[in-house]
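# Per-entry structural report
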Amino acid sequence: MNQFFHSVTLDKDKCMGCTNCIKRCPTEAIRVRGGKARIISERCIDCGECIRVCPHHAKKAKSDSLDMIQNFKYKIALPAPTLYGQFNNLDDIDIVLTGLKDIGFDEVFEVSRSAELVSEVTRKLMQEGKLEKPVISSACPAVVRLIRVRFPDLCSHVLQLNSPMETAARIAKREAMKKTGLPRSQIGAFFITPCPAKVTAIRMPISCKKSEVDGAIAISEIFAKLAAAMENLKIVEPLARSGIIGVGWASSGGESSALLNDKYLAADGIENVIRVLEELEDEKIRELNFIELNACSGGCVGGVLCVENAYVAKARLQRLRRYLPVSQNHIDGRIPGGMKWQKNLLFTPVLKLSDDMNEALRMMAEIDEICEELPGLDCGSCGAPTCRALAEDIVRGFAKKNQCIFIMRKEIKNVADALSSMGTFPLLSDEEEKKS
């Protein structure tokens, strides 16, 4: 379990064992045992849904501090387009980008620029018929990890292009090396992130051996300092070089509409994403060319590391896009180096019962038997999300059957009935008791 890095963590001191999180986890990665939640590391996909629903703020996301940029001579900010929707009455992206330079960055490279390149490369590959349809977007790392652990038949449908974040870091570092003459090791690229899944994608990338992004700074951490810098700017530099297509990636449907193809589906929110993937796996969805899926409601604007309401941020971005050109970034006919994945997406069977098939079948049969005894209410009171999950935990040796409150109540009733029946016999005298 130590091989997994997770940006979503648990503060046990704040956890009250309320079971809100276990019902919403898409991979059943949380259990409540001994009055405290526990995250099963190998199952967690860092979607952040538990952070969103925890009323006690016991779940939190790890990200890097702004001070980390001081470890590099040349510092590049990679702002997600989501960042622009956090500020009220913003009519010029250059104000945000100049503000980032004012708080310590030497250069700014918009992630929306590389989003336009990814959109164009995707259009090119689809037109050439080189992709298995329907193509599933790889932009949301939480969705990619969900497919990898839960939907093995869909791995080949995932678009094997690096995310705009990763593409931006690679291009920005190449440009910085030419501009400054510094080696790559002295140039740091930092993503301004709206969600914890991006942090995990940097520390443990699926598409490559090592990410070119050196750190992820939460929008919520940088917001106050950036807003103050934006208020006091004397000169606004003309830095923006992206258009409607790139900025549109911040909200659900933005990536799909950039493909200029009407045979697409865009779904957001982890529960809706799972429904779409299940129907896709069951071959109920056939007529589509492209499927865009975002774990957060509303898209990246709904990330748990944002400071603004997702729908307010989306409305602000829609107003902001009116002043932008359609697109400002294009490939020169060939796919730029470093945009494709270095390795294929492989199914990771973390949910399997055993490596031995016969043992797995035996455990499956035992789980079915235990499920017959359980009430089937999926109430979560036992600390597992469903009755079947509890049955699996019992078979694995992680739980006991009487952790189900209905079985416990039945056992208590049986004991009470036995004690009650014992009370109906007449009491013997000491002399009679000795004789007996």
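Coordinates for the structure precede this section.
These remarks concern the structure in this document. Just so we're clear, the structure is a prediction, and the values are computed from it rather than from any experiment. (Residues numbered from 1 in each chain as written. Predicted model: local features only at pLDDT ≥ 70, side-chain atom pairs only at ≥ 80, totals over all residues. Heavy atoms only, no water.)

### Focus on the packing of aromatic side chains
If you walk through the whole model with that rule in mind, you get two aromatic pairs. Summarising the aromatic geometry, the rings of Phe-72 and Phe-190 are spaced 5.7 Å apart at their centres and angled 75 degrees between planes, so their arrangement reads as edge-to-face. One end of the pair, Phe-72, is in the loop between β4 (59-61) and β5 (74-79); the other, Phe-190, is in strand β8 (residues 187-193), and 118 residues separate them in sequence. Considering the side-chain rings of Phe-87 and Phe-223, the 5.1 Å spacing of their centres and the 20 degrees angle between planes classify their relative orientation as stacked. (Phe/Tyr/Trp six-rings, centres within 6.5 Å; stacked < 30°, edge-to-face > 60°. Helix = DSSP H or I, 4+ residues; strand = E, 2+ residues; numbered from the N terminus.)

### Concerning the pattern of salt bridges
Per the stated rule, a full pass over the model turns up 27 salt bridges. Between Lys-179 and Glu-107 there is a salt bridge, with the nearest N and O atoms lying 2.8 Å from each other. You can see Lys-179 sitting in helix α6 (residues 164-180) and its partner Glu-107 sitting in strand β6 (residues 107-108), a full 72 residues away along the chain. Looking at Lys-179, the relative accessible area reads 60%, which means it is exposed. (Salt bridge = Lys/Arg side-chain N within 4 Å of Asp/Glu carboxyl O. Buried < 20%, exposed > 50% of the residue type's maximum accessible area, 1.4 Å probe, protein only.)

### What about the sheet that holds β5?
Pairing within the open sheet is parallel, and its four strands lie in the order β6-β5-β8-β9. In this open sheet, the two strands that pair with only one neighbour each are β6 and β9 (215-218). Judged from the six bridges that link them, β5 and β8 form a sheet pairing that is parallel. Its bridge partner lying in β8, Leu-78 is registered against Phe-191. Lying over the sheet, α6 contacts β5, β6 and β8, oriented at roughly 150 degrees with respect to β5. Docked against the sheet, helix α8 (residues 219-231) engages β8 and β9, running at close to 65 degrees with respect to β9. (Pairing = 2+ DSSP bridges. Contact = heavy atoms within 4.5 Å. Axes fitted to C-alpha atoms, helices over the stretch in contact; angles between N-to-C directions.)

### Observations regarding the side chain of Asn-329
The topology assignment puts Asn-329 in the loop between α12 (310-321) and α13 (357-373). At 3.3 Å, the side chain of Asn-329 forms a polar contact with the side chain of Arg-113. In this structure the side chain of Asn-329 is engaged in a polar contact, spanning 2.8 Å, whose partner is the side chain of Glu-116. The contacts of Asn-329, once residues within four sequence positions are left out, are Arg-113, Glu-116, Leu-117, Glu-120, Arg-241 and Ser-242. (Polar contact = N/O pair within 3.5 Å; in protein donor to acceptor, adjacent residues only side chain to side chain.)

### A few points about the packing of helix α3 (residues 93-102) against α8
Here α3 crosses α8 at 105 degrees, and the two axes come no closer than 8 Å. Regarding the angle of α3 to α8, the classification is roughly perpendicular. Across the interface between the two elements, Ile-95, Val-96, Gly-99, Leu-100 and Asp-102 of α3 pack against Ile-222, Leu-226, Ala-229 and Met-230 of α8. (Parallel < 35°, antiparallel > 145°, perpendicular 65-115°, else oblique.)

### Describing the packing of α13 against helix α14 (residues 387-396)
Running from amino to carboxyl end, α13 crosses α14 at an angle of 130 degrees, the nearest separation of the two axes being 9 Å. Considering the angle they form, α13 stands oblique to α14. When you trace α13 past α14, the crossing you get is right-handed. Residues Met-363, Met-364, Glu-366, Ile-367, Asp-368, Ile-370 and Cys-371 of α13 form the contact with α14, whose participating residues are Cys-387, Arg-388, Ala-391, Glu-392, Ile-394, Val-395 and Arg-396. In the contact of α13 with α14, the residues fall into nine nonpolar, no polar and five charged. (Left-handed = near helix turned anticlockwise from the far one by under 90°. Nonpolar A, V, L, I, M, F, W, Y, C, P; charged D, E, K, R; others polar.)

Keep in mind these values describe shape, not function.
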